[in-house]
Amino acid sequence: MNVKKLFSRVILALLCAPVFAGPLYSPTWAFAIDLPAGYELSGGNGIDRFAFEHPQGAYFALVVYHAGDGRHSTHASLGALVQDTQRRLNNSGGAESFMYRGRQAFVIELAFSLFDDSGRANPMSGWAIALELGATAGGASGPPPKLLAMAYGPEDREDLVAFHLSALNSIAAKTQDRLAPGPITEFLYPRHTQITAPIFGLGIYARIFQEDAGAAQALIDREFLLLTRYLAAPNWQEAWRRFYRAIHRDSFYRLSDIALQVERTLNAPGTGSREFAERVLRWVQTFTYERDFEGSDFVNLVSAVTEGRGDCDSRAMLWAMILRQADIPSGIMVSRHYSHAMGLADVPGPGARMEMNGQSFLVAETTARVPIGLIEQELSVIDHWMGIIFE
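Just so it is clear, the model here is predicted, and its values are computed rather than measured.

Things to note about the packing of aromatic side chains
This model, assessed by the stated rule, comprises 14 aromatic pairs. Relative to Tyr244, the ring of Phe243 lies with its centre 5.2 Å away and its plane at 70°, an arrangement referred to as edge-to-face. Both residues of the pair, Phe243 and Tyr244, count as buried. Judged by centre distance (6.4 Å) and plane angle (90°), the ring pair of Phe243 and Phe298 falls under edge-to-face. With Phe243 in helix H6 (residues 236–254) and Phe298 in the loop between strand S12 (288–289) and helix H9 (301–307), the pair connects residues that are 55 residues apart, well separated along the chain. Of the two residues, Phe243 and Phe298, both sit in the buried class. Ring pairs connect the aromatic residues Trp236, Trp240, Phe243, Tyr244 and Phe298, which therefore count as one cluster. The ring of Phe209 carries the charged tip of Arg191 above its face, separated from the ring centre by 5.4 Å. Across the ring face of Trp236, the terminal group of Arg336 is positioned such that the distance to the ring centre comes to 3.6 Å.

Put into structure tokens, the structure is as follows:
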């Protein structure tokens, strides 16, 4: 079966079904991963081999193949690595090549067996991604190092597919990938057609891809499906933070020209950072308030900015991301207790603030037309808020 069609069927089934404490970075190979909350390191050498396990039964393995590694043969191409992986696993799933950010990549359907000490076969299923790392990563000569990541679990555990897809999509093989859509999203929703779209309420236009809004919303829906698995979990806060990190990564590049055009319009020469933040805030406050009580309740940021609509967290994230692209440290604060979200920005002047990571962030209410730094008294108990800074 065509791998992309199979992916689409799996995701459709997920959306119709009932429903590590942060990013990890390799200083040797410069890749990063942001696994769903709860994955624990269970094996590997911490350099070019890593194995993780989730308490709910999902597995994630990552191997870097490079010329200086005597344990693995050096593959001349990514395709050769995929073929060798298929052979060694005796994998019956298919593989499909695609272009990820201008370079070749592969997605592999996993269907193989692991054998226990008694020789009994345990059928496994899942997905894998193969990508090239930076040509000089690790300082080794020879063919560029290659990354193979596998996310899998028992064949009968279809409920784990959300973990697999989210884990693989979190991979950033190169430094410049960390603020771009992940490989699973790019495989399923490749961007082909660039268009000019209006920016709500400002009378200006920006370049986006025709596929951006749909792709961004699909990621939000997939990550929200995973987030629902943590509602009663003790690590629900980390799962919530990761949900917004995933949206931030996926949307940053999509919003790059939008943010540039907004800055050109609202950030005239001589405008201070606080005044610019205020101007963007007043604009976002004019959006139509919108809720979706049956879904993720988060309007993707491309639709939010082109159609002028969204709930508190989508507006707060949009505001924060426009500020960040203008080099103003920013983030959001969210509260499960208050069912609300607001923006945060490191700008000068008086007002309510949240202290995080040695910085003092001014609070911004995006759904009521009030100046930056003001917060309603009934929302002011700081213990009920969680800050998320996008760095």
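Here's the deal with the pattern of salt bridges
Within this structure, the stated rule accounts for 17 salt bridges. Taking the shortest distance from any N to any O, the salt bridge between Asp212 and Arg254 comes out at 2.7 Å. One end of the pair, Asp212, is in helix H5 (residues 212–227); the other, Arg254, is in helix H6, with 42 residues separating them in the sequence. Take Asp212 and Arg254: they sit in the same class, and that class is buried. Here Glu307 and Arg309 are joined by a salt bridge, their closest N and O atoms 2.5 Å apart.

Quick notes on the sheet that holds strand S17 (residues 359–364)
Spatially, 5 strands are ordered S16-S17-S15-S14-S18 in an open sheet, and the strand pairing comes out antiparallel. Of all strands in the sheet, those with a lone pairing partner are strand S16 (353–356) and strand S18 (386–389), marking the two edges. Each strand of the sheet is rotated relative to its neighbour by a mean of 35°, with strand direction disregarded. Inspection of the sheet shows strand S14 (residues 330–335) paired to strand S15 (residues 340–345) by 6 bridges, in the antiparallel sense. When the bridges of S15 are listed, Ser330 appears paired with Ala345.

Remarks on unusual backbone geometry
Its identity as a non-glycine residue notwithstanding, Ala30 has a phi of 65°, on the positive side. Tracing the chain through its elements places Ala30 in the loop between strand S1 (24–25) and strand S2 (32–33). Even without being glycine, Ser339 reaches a positive phi, approximately 50°. Relative to the helices and strands, Ser339 is located in the loop between S14 and S15.

Quick notes on the nonpolar core
Membership of the largest hydrophobic core comes to 91 residues, with the highest contact counts inside it found for Phe60, Tyr244, Val280, Trp283 and Trp319. In terms of residue count, the dominant contributor to this core is helix H10 (residues 312–325) (9 residues). For Phe60, the residues in contact, after removing those within four places along its chain, are Ile33, Leu35, Tyr39, Phe50, Ala51, Phe52, Ala149, Met150, Ala151, Ala167, Leu168 and Ile171. In this structure, Val63, Phe112, Met124 and Met150 belong to the second largest nonpolar core, which totals 15 residues.

A few points about helix H8 (residues 273–284)
Between the first and last C-alpha of H8 there are 17 Å, a value that for 12 residues agrees with the 16 Å anticipated at 1.5 Å per step. Buried within H8 are the following residues: Arg274, Phe276, Ala277, Glu278, Val280, Leu281, Trp283 and Val284. The secondary structure elements touched by the buried residues of H8 are strand S10 (194–199), helix H7 (256–266), H9, H10 and S17.

Focus on the pairing of strand S8 (residues 121–132)
Two strands pair when backbone bridges link them, and strand S7 (residues 103–115) and S8 are joined in this way by 11 bridges, in the antiparallel orientation. Within S8, the position partnered with Val107 by the bridge is Ile129. Following S7, the chain reverses through 5 residues before pairing antiparallel with S8; Gly119 in that reversal takes a positive phi of roughly 85°. Direction of pairing for S8 relative to strand S9 (residues 146–154): antiparallel, over a ladder of 9 bridges. The residue bridging Ile129 from the neighbouring strand is Ala149, located in S9.

Considerations on the environment of Leu301
By the secondary structure assignment, Leu301 is in helix H9. Excluding residues that lie within four positions of it along the chain, Leu301 makes contacts with Ser251, Leu255, Ser314, Met317, Leu318 and Met321.

Thoughts on the packing of H7 against H8
A pair of packed helices can be characterised by two numbers: the angle between their axes and the separation between those axes. Interaxial distance between H7 and H8 falls to 10 Å at its minimum, and their mutual angle equals 110°. As summarised for this structure, H7 and H8 are arranged roughly perpendicular, according to the angle between their axes. Crossing of H7 against H8: the hand is right-handed. In this structure, H7 contributes Val262, Glu263 and Leu266 to the contact, and H8 contributes Phe276, Arg279, Val280 and Trp283. Class assignment of the residues belonging to the contact of H7 with H8 gives a composition of 5 nonpolar, no polar and 2 charged.

Conventions we followed
- Residues numbered from 1 in each chain as written.
- Predicted model: local features only at pLDDT ≥ 70, side-chain atom pairs only at ≥ 80, totals over all residues.
- Heavy atoms only, no water.
- Phe/Tyr/Trp six-rings, centres within 6.5 Å; stacked < 30°, edge-to-face > 60°.
- Buried < 20%, exposed > 50% of the residue type's maximum accessible area, 1.4 Å probe, protein only.
- Helix = DSSP H or I, 4+ residues; strand = E, 2+ residues; numbered from the N terminus.
- Lys NZ or Arg CZ within 6 Å of the ring centre and 35° of its normal.
- Salt bridge = Lys/Arg side-chain N within 4 Å of Asp/Glu carboxyl O.
- Pairing = 2+ DSSP bridges.
- Axes fitted to C-alpha atoms, helices over the stretch in contact; angles between N-to-C directions.
- Core = buried A, V, L, I, M, F, W, Y, C linked by side-chain atoms within 4.5 Å.
- Contact = heavy atoms within 4.5 Å.
- Expected span 1.5 Å × (residues − 1).
- Parallel < 35°, antiparallel > 145°, perpendicular 65-115°, else oblique.
- Left-handed = near helix turned anticlockwise from the far one by under 90°.
- Nonpolar A, V, L, I, M, F, W, Y, C, P; charged D, E, K, R; others polar.

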